[in-house]
There are 2 protein chains.
Amino acid sequence: MSLRQKSDKMGSSNPVIGLLGGGQLGRMLCEAANPLGIDIAILDEKNSPAKQAHNTNRHVTGSFKDPVKIRELAARSDYLSVEIEHVETEVLEDIEKNGVEIKLADGSVAIHKPPIHPSWRTIRLIQDKYLQKEHFRTSKTKIPIADQMAIESGESALKSLQEAADKFGFPFMLKARKGSYDGRGNFKVNSAEDFAPAIEALGKLPLYAEKWAPFVKELAVMVIRTEDDEGNLRKCVAYPAVETIHEDSICTKVFMPPRGVDDNVCEQARKLACDVISTLWGRGVFAVEMFLLEDGSLMINEVAPRPHNSGHYTIEAVPYMSQYKAQLYSVLDLPVPDELTPRVSSSIMLNILGGAAPNSHHKLARLARTTYGDDFDVYLHLYNKESKPTRKIGHITLTGFSSIEDLEKAAEPFISMVDQIREERLAASAEQLRPQEEAKASNKTNPGGANPVEGNNSDQPLVLVTMGSDSDLPVLKAGLDILKEFKVPYALDITSAHRTPKYMMKVAGEAAKKGIKVIIAAAGGAAHLPGMISSETPLPVIGVPVKATHLDGLDSLLSIVQMPRGVPTATVGINNSTNAALLAIRILGSFIPQYQEHMSRYQLQMEEAVIEKGGKLRTGGDVAYLEGMKKTK
Amino acid sequence: MSLRQKSDKMGSSNPVIGLLGGGQLGRMLCEAANPLGIDIAILDEKNSPAKQAHNTNRHVTGSFKDPVKIRELAARSDYLSVEIEHVETEVLEDIEKNGVEIKLADGSVAIHKPPIHPSWRTIRLIQDKYLQKEHFRTSKTKIPIADQMAIESGESALKSLQEAADKFGFPFMLKARKGSYDGRGNFKVNSAEDFAPAIEALGKLPLYAEKWAPFVKELAVMVIRTEDDEGNLRKCVAYPAVETIHEDSICTKVFMPPRGVDDNVCEQARKLACDVISTLWGRGVFAVEMFLLEDGSLMINEVAPRPHNSGHYTIEAVPYMSQYKAQLYSVLDLPVPDELTPRVSSSIMLNILGGAAPNSHHKLARLARTTYGDDFDVYLHLYNKESKPTRKIGHITLTGFSSIEDLEKAAEPFISMVDQIREERLAASAEQLRPQEEAKASNKTNPGGANPVEGNNSDQPLVLVTMGSDSDLPVLKAGLDILKEFKVPYALDITSAHRTPKYMMKVAGEAAKKGIKVIIAAAGGAAHLPGMISSETPLPVIGVPVKATHLDGLDSLLSIVQMPRGVPTATVGINNSTNAALLAIRILGSFIPQYQEHMSRYQLQMEEAVIEKGGKLRTGGDVAYLEGMKKTK
């Protein structure tokens, strides 16, 4: 009935799978399809990564969100599938139910209904994370998920958040229900003070709150789901469990098997992943992301209904049935194995993310292209995408013939370089925060008539603000604002004591020579950075303890403040970068009058502001004052 | 200077390799290039297999033998390479020396000289097999090749062949110097009687003669050759040695490691292959085909300056550096490993050749798609080429985690199916030899007024001609001609006693019921077919011993004639299918008068011909008679 003879499950002619989206997942799907004689018709922009790796006259140019184009794709495909879950499910539902009209050779019109896998039902469910987890929670199989509640929008939001706080206690997670991935669209709510910023950060999206579940590791399991054409589940088969590392809300590293996790936990993870996926609809591969909690139990985080970067490693580690081949096989209903045993002992996948410059990743690609190991192999995958900061433009897979620990050692040069590229990128992005125009303008006007420090010019940073991780940057923001307000030239850097120890030592050792007068160092957890920098510089070092995942910042504080005699670190309050900046300015002000004068004015303004408030409270009373506070929020 | 910024060995942008030819080798080169961010511009027809697997606006449509198109390709490529050695080396030489003109953005013209790998010198040398081997013979390193001599063409050819016979003795090989591959263009000359047929078979090609070197096995080794831009050899690195099986002059099967060959012989083969390739020019991968002789020594057969089907197995067996990746790396002068250790214990590659029908190979592809092993894996590679008989349209690679013997057992269903497809194809092609039109015409005219056999019609085959291998078909040709001359309806089949025992038994068991009156069975070596068929049928069976590689047919003869009491086989002379056919006709003639009458006429004609010859010889004398013999040749 279709324009194209139905392919009878690869009996006689090459089947055509129409794919919504032509990014790197589609590209790797094409790379798997080419040797198998499977045709992939891609709906995406003209030169999308997937189209580059597969040449067919069946591609459709346009947006995979455009219903007209989706119908055009359906008309020329034997099957439909998706590379991304953020598609319009209405049109898929309509195609499944009513088909698309196609013109036959004799000019007559027929109805063509290509099977759609995974089902639009699955895609629609998964698009709403809250509903997705409600579905799992209420399924017959007991699937552990975090307690959650939907948050009302608009004026009722604050009230709804308070209900969540009452129900879950602090902290809890506030999450966008739709449109987010890779941990984006999440906000940790530590107290009622965070309500407004959280709502501001997540925008006007529908939200839900989730009980805080402190986890030890993030695990993921890819699952192949097959069912017959009537929708009866055939089987779910799980790939090995992996450990995923997220940085800057992006998955950056994947370890197979997970490091330091019991085999039986990994087996439980696979079993659980199959339980989860068996509740869904349609054929295909699915990623199941989960948390390993402190008590050793597992909790489902979320599901992606498609190949996933936590499954890239299967290309080389399960070469007879990579996740891409599995996607093709399951969509076409070809038989898949009952077990997915890797052909290597261990594997590490490192995403190549766009760096500070368009060529930042080149050295990493070069390292991957030119490294050969006796007991490990290195595979480079470039997606031929334009490099932009944080964009996934490729990945590297290492496979090993011994333990994951040995492979991690072998991978050290790669991991260091990945981290270095990340830190350069973060530094560059932080640098953009710095109001260079202001700084330059202030130079020209020689502000405050101050005595310039000998050998200094105002482009010369006086304060070095450095941090152990870019995740500390939001905490430092308030302090940086103060430095800007005081027109203090500063430099930014990321110098991880544990990931870039040599670089940290170099930065600390050279700071004084470079004209830096004060160093502000922020770190969380085992916050060694401020003390270590202090060990290597004669400059005053101010440490900002950053509240990390656990212990509410107490760990950071003690790590910074409890320095041994002889190596002082000026420690400020937890997350209190404002005070760190003001302390730095006071230090500068002792020698640069303009800063001292400015500091005096600043202190005066603070005083005046408090006096004014006291007056208001005294005259207006507490009720009116509280009313006024609500309005300004 | 080029239209395209020079890519500085993958420093900043994707390099473009221009490839002459876009068949399956180019396709697999593209499959290797895609994840590495390497662009391949292909010169070939519009929808060639390679172009399907890589989409770029740099492809050129046209013939890879067209100098204009080759220059067009050169203008848009950073490097040039070839998929096939049968290209015009003159234009490549000219491009290397004089470059191609390209228009710059400002309208001016510049000269662009993309490096060409392998060198046109290597390609040109290899195109002439005789010169190729002379080159190896006269190289500094001692490279064993068969004694050879060039054969003059035209009128001097016979004299030249006689010189070869005097020098090498019988048998010797006559080979085309150019344009042949896969063992095509070869003729075994057993005696002076073969001179004329050999020259007829090989056409007007320049020829050379080679001393007969009876070999035990054919081996092959892929070698990576690298050199710097000044042409100084960097290194040659060899892949593991493999055993290659050729059938119908086509490589059909490859075994890694070779079965029953000592490890040190394999190491010698690798060493020798490196010696051979180090005498050539340019970078790239090269296939070195060699013979393992009876005394355990190795002898070089020939070299292919490109990826080769004896190296297909490396895609999965040496996954970190397949022959295709190696081709890319060497052309681009990226570092290649010092050792090429496989990541599996064993591997078998089976070429998928087009069968009797366009879908003959589908069952094989299906088997490859749907077989999963515990200690072996199966990989399907389809080239998306139209299926034609004997065309290479795909291949299957099996990889194993134990011995090659175990893997061969696991591969048995695949090997059987490959053999079966081959036998169907050969049977169909033999069937085409049968003059169906004639047979039908004779039916209509009810020739000779013979009494038709009860229940018979003239479409009903009376003789079944079957053989153990299609390689027996040329021997049977003379007998088939006799059957045609006598208008005997016959059926053809291939029923290998060893490769298709069940099928053979079925055919034998059913022949009588199907109306067959006589069976002619041809076989060589351990020629069990005629006797085995005889065991399973009440019909008279005529055995034709076919001269196999060794022992001049004596093995075949004894296997057929020495049947135990109770199971007779009518054995004719070695290779004497004429007599087998005449014997069959005599058998038929005992019951079908037309054949007996025809046989009588035939015998009479033979008698008359000899009497005539005797008369000539008696009257003209021996000198004139011999002169006349030469003219009729």
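Under an unreviewed UniProt entry, chain A has the name Phosphoribosylaminoimidazole carboxylase and belongs to Neurospora crassa. Checking UniProt for chain A, the heading Catalytic activity (unreviewed entry) contains the comment "5-amino-1-(5-phospho-D-ribosyl)imidazole-4-carboxylate + H(+) = 5-amino-1-(5-phospho-beta-D-ribosyl)imidazole + CO2". According to the UniProt record, the Sequence similarities (unreviewed entry) comment for chain A is "In the C-terminal section; belongs to the AIR carboxylase family. Class I subfamily."

Turning our attention to the pairing of strand 6 (residues 109-112) of chain A. Residue and element names in this part refer to chain A. Side chains A110 and H112 project from strand 6 onto a buried face, and the interleaved V109 and I111 project onto a face without burial. Sheet analysis places strand 5 (residues 100-103) next to strand 6, joined by 4 bridges and oriented antiparallel. Note on strand 6: the bridge partner recorded for V100 is H112.

Counting residues in each nonpolar core, the largest one holds 68 residues, and the members touching the most others are I40, Y239 and L328 of chain A together with I396, L398 and F414 of chain B. What I40 of chain A contacts, discounting residues up to four positions off in sequence, is I17, L19, L29, C30, A33, H54, T56, H59 and L328 of chain A.

Under the criterion given, the structure shown has 12 aromatic pairs over all chains. Centre to centre, the rings of F172 of chain A and F195 of chain A are 6.5 Å apart; their planes meet at 50°, and the pair counts as tilted. Here the residue F172 of chain A occupies a position in strand 8 (residues 172-176), and F195 of chain A occupies one in helix 8 (residues 195-202), the gap between them amounting to 23 residues. An aromatic cluster is defined as three or more aromatic residues linked by ring pairs; in this entry it consists of F170, F172 and F195 of chain A. Directly above the ring of W212 of chain B sits K188 of chain B, whose terminal nitrogen or CZ lies 4.5 Å from the centroid. The cationic tip of R259 of chain B hangs over the ring face of F255 of chain B; the distance from NZ or CZ to the ring centre is 3.6 Å.

Let's shift gears to helix 7 (residues 157-168) of chain A. Residue and element names in this part refer to chain A. For helix 7, built from 12 residues, the straight-helix expectation of 16 Å at 1.5 Å per residue is met to within 8% by its first-to-last C-alpha distance of 16 Å. Buried within helix 7 are the following residues: A157, S160, L161, A164, A165 and F168. All buried residues of helix 7 lie within an arc of 145° about the axis, which places them on one face of the element. Structural note: helix 7 exposes K159 and D166 on the side pointing more than 90 degrees away from its buried face. Buried residues along helix 7 sit in contact with strand 7 (148-151), strand 8, helix 8 and strand 10 (207-211). In the stretch just after helix 7, G169 is the one whose phi turns positive, near 75°.

Moving on, we come to the relation of the copies chain A and chain B. Superposing chain A onto chain B requires a rotation of 180° together with a translation of 0.1 Å along the rotation axis, leaving an RMSD of 0.3 Å. Here the symmetry operator amounts to a two-fold rotation axis. Most of the interface of chain A is mirrored in chain B, where 100% of its interface residues are also at the interface.

A separate point is the packing of helix 3 (residues 67-75) of chain A against helix 4 (residues 89-98) of chain A. Residue and element names in this part refer to chain A. Close contact between helix 3 and helix 4 brings their axes to 10 Å; oriented N to C, the two are set at 35°. As helix 3 runs across helix 4, the sense of the crossing is right-handed. Where helix 3 abuts helix 4, its residues P67, I70, R71 and A74 lie against V91, L92, D94 and I95. Among the residues forming the contact of helix 3 with helix 4, the class breakdown is 6 nonpolar, no polar and 2 charged.

On to the pattern of salt bridges. According to the stated counting rule, one finds 77 salt bridges over all chains in the structure shown. Between E243 of chain A and R259 of chain A there is a salt bridge, with the nearest N and O atoms lying 2.8 Å from each other. Taken together, the residues span a long stretch of sequence, with E243 of chain A in strand 13 (residues 242-247) and R259 of chain A in the loop between strand 14 (250-256) and helix 9 (263-278) at a distance of 16 residues. Classification of E243 of chain A by relative accessible area gives buried; the value is 2%. Where K363 of chain A meets E424 of chain A, a salt bridge forms, and the shortest distance between an N and an O atom there is 3.3 Å. Of this pair, K363 of chain A sits in helix 12 (residues 362-370) while E424 of chain A sits in helix 14 (residues 412-433), and the two are 61 residues apart along the sequence. Exposure remark for K363 of chain A: the relative accessible area of 27% places this residue in the partly exposed category. The class of E424 of chain A is partly exposed, set by a relative accessible area of 30%. When salt bridges that share partners are traced, they join E247, D248, K253, D419, R422, R425, D470 and R499 of chain B into one network.

Basis of the calculations
Residues numbered from 1 in each chain as written. Chains lettered and ligands numbered in written order. Predicted model: local features only at pLDDT ≥ 70, side-chain atom pairs only at ≥ 80, totals over all residues. Heavy atoms only, no water. UniProt positions renumbered as here; feature names shortened; annotations may be inferred. Buried < 20%, exposed > 50% of the residue type's maximum accessible area, 1.4 Å probe, protein only. Helix = DSSP H or I, 4+ residues; strand = E, 2+ residues; numbered from the N terminus. Pairing = 2+ DSSP bridges. Core = buried A, V, L, I, M, F, W, Y, C linked by side-chain atoms within 4.5 Å. Contact = heavy atoms within 4.5 Å. Phe/Tyr/Trp six-rings, centres within 6.5 Å; stacked < 30°, edge-to-face > 60°. Lys NZ or Arg CZ within 6 Å of the ring centre and 35° of its normal. Expected span 1.5 Å × (residues − 1). Arc of directions from axis to C-beta. Least-squares fit on C-alpha atoms with pLDDT ≥ 70 in both. Axes fitted to C-alpha atoms, helices over the stretch in contact; angles between N-to-C directions. Left-handed = near helix turned anticlockwise from the far one by under 90°. Nonpolar A, V, L, I, M, F, W, Y, C, P; charged D, E, K, R; others polar. Salt bridge = Lys/Arg side-chain N within 4 Å of Asp/Glu carboxyl O.

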